[in-house]
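Residue-level structure breakdown
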Amino acid sequence: MQIPGHIDPVPVPRAVTPREDGRVDMLGLSRPQIRDTLAEAGLDEKQAKLRAKQLFHWLYHRGETDFAQMTDLAKPMRAWMAARFVIGRPQVVEAQVSNDGTRKWLLRSDDGQDYEMVFIPDADRGTLCVSSQVGCTLNCRFCHTGTMRLVRNLTPGEIVGQVMLARDALGEWPRGNMAADASAGASNDIDEDEDAPHYTADGRLLTNIVMMGMGEPLYNFENVRDALKVVMDGDGLALSKRRITLSTSGVVPMMARAAEEIGVNLAVSLHAVTKEVRDEIVPINRKYGIEELLQACADYPRANNARRITFEYVMLKDKNDSDDDARELVRLIRKYKLPAKVNLIPFNPWPGALYECSTPERIKAFSSLIFEAGISAPVRTPRGRDIMAACGQLKSASEKKSRAELDRLAEEKQLALG
């Protein structure tokens, strides 16, 4: 059965909307980009390099958005920067908190597009699920995001902005003498405060990032790469690549490049072990089949027993959850000698979904067969279902508009402004 929709990337250039005040937003810029931006604004090369280092620290290590608070800059320099630049954040349209503590934010870009991010707190970690696109091109049958059309790619600033906003909301930017020693990795003291968040051993509530939100990250490769490099920079947000996981539905030609240029952990949305079923529920399988995908996983240079590839497998009743499916999954992992674990994901329902979740008994039996073969197969506990924040449930109201529609809306906005 043919599934409508693209399985290849489509051109979705993001024309940056100029601010009405003419200032340039620095959010998402790397150190060299900040330096070049300062040089273009008139600073000489030496000054631009020095100020870029200072700004990078304030933006990404301290989370500062107000130039006036950047105390190691002279007051005239702070005023000069504030007149030309801004440090933005995504606009929050709605923030929800689940009964289980999961948080979901609906965000809006300056061109009026909506996308979502989710924070999942656990006892020993806090994981931020980050979106890479508005909508998606892959049309996976079990995924709510897949019912959207792809509107556009998110920019590096919009991707990094999700991490910055989560840090803001969690209140965990360095305080007091935390800031002085953080880049050196020293132990830091903080003032006693009953209302302060409880820091983990490394001083963080947000400990992990998964590129598993809206969109296919490898169809927005350059922007995802550039954003994650900012996130991993040791002088800024400083999240280790071992704490970041990129999930792909199987964009085989980009997987080796992701290992080389990003180097984070890999998760693969497998969800089926036969061509017939995977063609139906993950349409990209028609272009890059299971065998080709698993060979790319075997060739993934970052994979080893310490950094296993994660196979994501949504449990769909009477579709992919039989004992034979479990045995075939084990056979494939062994055939390609993959250092792997399997995350079993109970299907999270959404309005209009074509599938049902496998029964708890069936999921347990499926998991046991894989465990008995010596392969880890934990069952993921659904989080945030009550606010549609669970795996496969993300969807915004954004729609791809034609150029004529966009021109008409822009004209109406100008008329309204007088």
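In this report, we go over the structure that sits alongside the text. (Residues numbered from 1 in each chain as written. Predicted model: local features only at pLDDT ≥ 70, side-chain atom pairs only at ≥ 80, totals over all residues. Heavy atoms only, no water.)

**A look at the side chain of Gln-54**
Residue position: Gln-54 is located in helix H2 (residues 45–61). Exposure remark for Gln-54: the relative accessible area of 14% places this residue in the buried category. Separated by 3.4 Å, the side chain of Gln-54 and the backbone oxygen of Asp-72 make a polar contact. Filtering out sequence-adjacent residues up to four positions away, Gln-54 remains in contact with Asp-72 and Leu-73. (Helix = DSSP H or I, 4+ residues; strand = E, 2+ residues; numbered from the N terminus. Buried < 20%, exposed > 50% of the residue type's maximum accessible area, 1.4 Å probe, protein only. Polar contact = N/O pair within 3.5 Å; in protein donor to acceptor, adjacent residues only side chain to side chain. Contact = heavy atoms within 4.5 Å.)

**Examining helix H10 (residues 323–335)**
Helix length check: H10, at 13 residues, gives a terminal C-alpha distance of 18 Å against a target of 18 Å (1.5 Å per residue), a fit within 8%. Among all positions of H10, only Asp-325, Ala-326, Leu-329, Val-330, Leu-332 and Ile-333 are buried. Angular distribution of buried residues about the axis of H10 spans 165°; they occupy a single face of the element. With respect to the buried face of H10, the exposed residues turned more than 90 degrees away are Asp-324 and Arg-334. The elements touched by buried residues of H10 are helix H9 (290–299), strand S12 (309–315), strand S13 (340–346) and helix H11 (360–372). (Expected span 1.5 Å × (residues − 1). Arc of directions from axis to C-beta.)

**Digging into the packing of aromatic side chains**
Going through the model one piece at a time under the given rule, you end up with 3 aromatic pairs. Note on Phe-56 and Tyr-60: the rings are 4.8 Å apart at their centroids and 65° apart in plane angle, and the pair reads as edge-to-face. Taken together, the residues span about one helical turn, with Phe-56 and Tyr-60 both in helix H2 at a distance of 4 residues. Across the pair, exposure class does not vary: Phe-56 and Tyr-60 are buried alike. A cation over a ring is seen here: Arg-31 above Phe-56, with NZ or CZ 4.5 Å from the ring centre. The side chain of Arg-167 reaches across the aromatic face of Trp-173, ending 5.0 Å from its centre. (Phe/Tyr/Trp six-rings, centres within 6.5 Å; stacked < 30°, edge-to-face > 60°. Lys NZ or Arg CZ within 6 Å of the ring centre and 35° of its normal.)

**Quick look at the side chain of Gln-162**
Among the secondary structure elements, Gln-162 is positioned in helix H4 (residues 156–170). Taking relative accessible area as the criterion, Gln-162 reaches 0% and is therefore assigned buried. Ignoring sequence-local partners within four residues, the contact set of Gln-162 consists of Pro-90, Leu-107, Tyr-115, Glu-116, Met-117, Leu-128, Val-130, Ser-131 and Leu-154.

**Side note on the pattern of salt bridges**
In total, this model carries 21 salt bridges according to the counting rule given. Between Glu-172 and Arg-167 there is a salt bridge, with its nearest N and O atoms 3.3 Å apart. For Arg-167, a relative accessible area of 4% puts it in the buried group. Here Glu-261 ties to Arg-225 by a salt bridge, and the two come within 2.8 Å at their closest N and O atoms. Highlighted residues: Glu-261 in helix H7 (residues 252–261) and Arg-225 in helix H6 (residues 221–232), separated in sequence by 36 residues. Here Glu-261 falls in the partly exposed class, since its relative accessible area comes to 27%. With relative accessibility at 14%, the residue Arg-225 sits in the buried group. Each of Glu-222, Arg-225, Asp-226, Arg-257 and Glu-261 takes part in a single network of salt bridges with overlapping partners. (Salt bridge = Lys/Arg side-chain N within 4 Å of Asp/Glu carboxyl O.)

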